[in-house]
Each structure stands twice: as C-alpha cells, then as structure tokens.
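Residue-level structure breakdown
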Amino acid sequence: DAGVTQSPTHLIKTRGQHVTLRCSPISGHKSVSWYQQVLGQGPQFIFQYYEKEERGRGNFPDRFSARQFPNYSSELNVNALLLGDSALYLCASSQGVVNTEAFFGQGTRLTVV
Amino acid sequence: AQSVTQPDIHITVSEGASLELRCNYSYGATPYLFWYVQSPGQGLQLLLKYFSGDTLVQGIKGFEAEFKRSQSSFNLRKPSVHWSDAAEYFCAVGPDFISNFGNEKLTFGTGTRLTIIP
C-alpha cells in the first residue's frame, strides 16, 4: 500500500509569490494534518482537516490556508511568501478515530529566496 | 497550553551501548504521548505511543518508553544501539481525542539528534 504522498518534493519560490503544496493520504484515511518544520526545530501544527472540515488550526497567519477534497487529499496554500516560510512542510494522515496514529509523508522542502 | 521539552539537543553514544532520551511534557489532562524518529531529509516514523494502561510501552526497532505521571516524563530507551539508529528523535504530546472533538494536533519537542560512534 502506498504511504502518504506529497508533491512536489522540493520547491524554490521568490518572496511575495504564492505556493500550493499537495498531499494524498493513505487509502482509507479521512484526516489530514499539516505541519511546518523549520531547520533545527520540531514540527509545528498548521491545520487539521477531517471529512473536508477544519478540525484544528495552529498559530499561523492568514496567509496560510488549506482545504480537503472529497477524495480526502489536501492542499496547503501559502500567499505572499516570506523568507521565514522556508521549511519542510509535512503532511500526516490518520483514520480520524479514537487512538489512531498519524502517518507522515516525506515532506515538501520549500525554499523562499 | 501543552508543551514538550527535550533537554538534550545532541547525544553521542557508542554502538552497542544503552540509550535514554529524555522527554518532559506539560499538559492539563491525560496526555497522549508519542516518540517519532526522523532520518535526514525524511518524514517522521512513529516508534511508539502511549494512550493509557501499562506505563511501559514497547515500540518498533527495540525501543521502549516509560510514562511517569509524577515526573511528567516519557523517556525513550534502548538497551543496545545500532549504527542505523543515528537520526533525530522527537517526543510529542497530543490531546485526548474525544474531549477535544477529534482534534489531533501534535505538539513536538525540539528534538534530540543521536550520533552513534563505532
């Protein structure tokens, strides 16, 4: 079975641009979460979606947005990119039920120049 | 607010030696606790988790962790490390799924980088 897949794997953008990151969860998983991992730090929670509805939001500016599609895949959008947005963006999927575990993808490495 | 502290930024151990990575958490209710491992340029892999019950939990790759409520700790241990264990290790705390209406937010520590010397 395929794990959590994220695309693209690497991305270079210029300050002020917009970026869209994509995530396909494990088959049967209905919950998707997004995390930002800055170099040398632990992942920081950005969003969680379950059945296309937002269940949780971290302490990130409104430039960050996300959505989940009927097939449970998800997109993370970031507008007006700043240099500080350079990070590894991780997607995690889970079944979204009690005592389930989150499976992480390999991440998208975003570099803002 | 929940938080996780991993006091050791970097630990070096010899291959075959025992290992203990420290994790302290702050959480207002019964926590869900996790240990993840991350190899360079990779995503996170779950080593083990604690939801309730037996406070000593076994995980993959020979790792175990013990939940100590009185010390707010969830330390990771391995009796004999292998060179392939070199990686970044993250402790994380999550909310009680039911009382938080399905919120699965994980709060991670800053990680401990493990180096193995021959």
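The following refers to the structure shown. (Residues numbered from 1 in each chain as written. Chains lettered and ligands numbered in written order. Predicted model: local features only at pLDDT ≥ 70, side-chain atom pairs only at ≥ 80, totals over all residues. Heavy atoms only, no water.)

Once that is clear, we can look at the pairing of strand β6 (residues 44-50) of chain B. Within a regular beta strand, the side chains point alternately toward one face of the sheet and then the other, so they alternate between its two faces. All names here are of chain B. Across the seven residues that make up β6, a large majority, five, are buried. For strand β5 (residues 32-38) and β6, the ladder comprises six bridges, and the chain directions are antiparallel. Residue pairing for β6: phenylalanine 34 is matched across the bridge by lysine 49. Where β5 hands over to β6, the hairpin turn is made up of five residues, of which glycine 41 adopts a positive phi near 70°. (Buried < 20%, exposed > 50% of the residue type's maximum accessible area, 1.4 Å probe, protein only. Helix = DSSP H or I, 4+ residues; strand = E, 2+ residues; numbered from the N terminus. Pairing = 2+ DSSP bridges.)

The next subject is the interface of chain A and chain B. Listed by partner, the interface residues are 24 residues for chain A and 22 residues for chain B. Together chain A and chain B conceal approximately 1,900 Å² of surface at their shared face, both sides included; 51% is due to carbon and sulfur atoms. Across the chain A-chain B interface, the total number found is one salt bridge. Its salt-bridge partner being B:Lys49, residue A:Glu101 comes within 3.5 Å of it at the nearest N-O pair. Within the residue set of the side of chain A that touches chain B, elements represented by two or more residues are β4 (31-37), β5 (44-50), β6 (53-57) and β9 (87-94) of chain A. Of the residues in the side of chain A that touches chain B, the class split is nine nonpolar, 13 polar and two charged. (Contact = heavy atoms within 4.5 Å. Buried area = accessible area lost by both parts, 1.4 Å probe. Salt bridge = Lys/Arg side-chain N within 4 Å of Asp/Glu carboxyl O. Nonpolar A, V, L, I, M, F, W, Y, C, P; charged D, E, K, R; others polar.)

Attention now moves to the pattern of salt bridges. Following the criterion strictly, the structure yields ten salt bridges over all chains and no others. With its nearest N and O atoms 3.3 Å apart, the salt bridge here joins A:Glu75 to A:Arg67. We classify A:Glu75 as buried; its relative accessible area is 11%. A salt bridge links B:Arg77 to B:Glu64; its shortest N-O distance comes to 3.2 Å. Here B:Glu64 lies in strand β8 (residues 64-68) and B:Arg77 lies in strand β9 (residues 73-78), a separation of 13 residues in the sequence. Put simply, A:Arg22, A:Arg67 and A:Glu75 are held in one network by salt bridges that share partners.

Attention now moves to the packing of aromatic side chains. Applying the stated criterion across every chain yields a total of 16 aromatic pairs over all chains. For the pair A:Phe104 and B:Phe108, a centre-to-centre distance of 6.2 Å together with 75° between the ring planes defines the contact as edge-to-face. Pair noted here: A:Phe104 is in strand β10 (residues 103-104) and B:Phe108 is in strand β11 (residues 107-108), and the two residues belong to different chains. Among the residues examined, A:Phe104 registers a relative accessible area of 10% and is labelled buried. Aromatic side chains B:Phe90 and B:Phe108 sit 6.4 Å apart centroid to centroid with 85° between the ring planes, which places their arrangement in the edge-to-face category. (Phe/Tyr/Trp six-rings, centres within 6.5 Å; stacked < 30°, edge-to-face > 60°.)

Residues and elements named next belong to chain B. Along the polypeptide, tyrosine 32 turns up in strand β5. Tyrosine 32 gets classed as buried once you look at its relative accessible area, which sits at 11%. Each C-alpha atom of the pair tyrosine 32 and phenylalanine 51 lies 4.9 Å from the other, and the pair is 19 residues apart in sequence.

Everything listed here is a matter of coordinates, which is why it stays silent on function.
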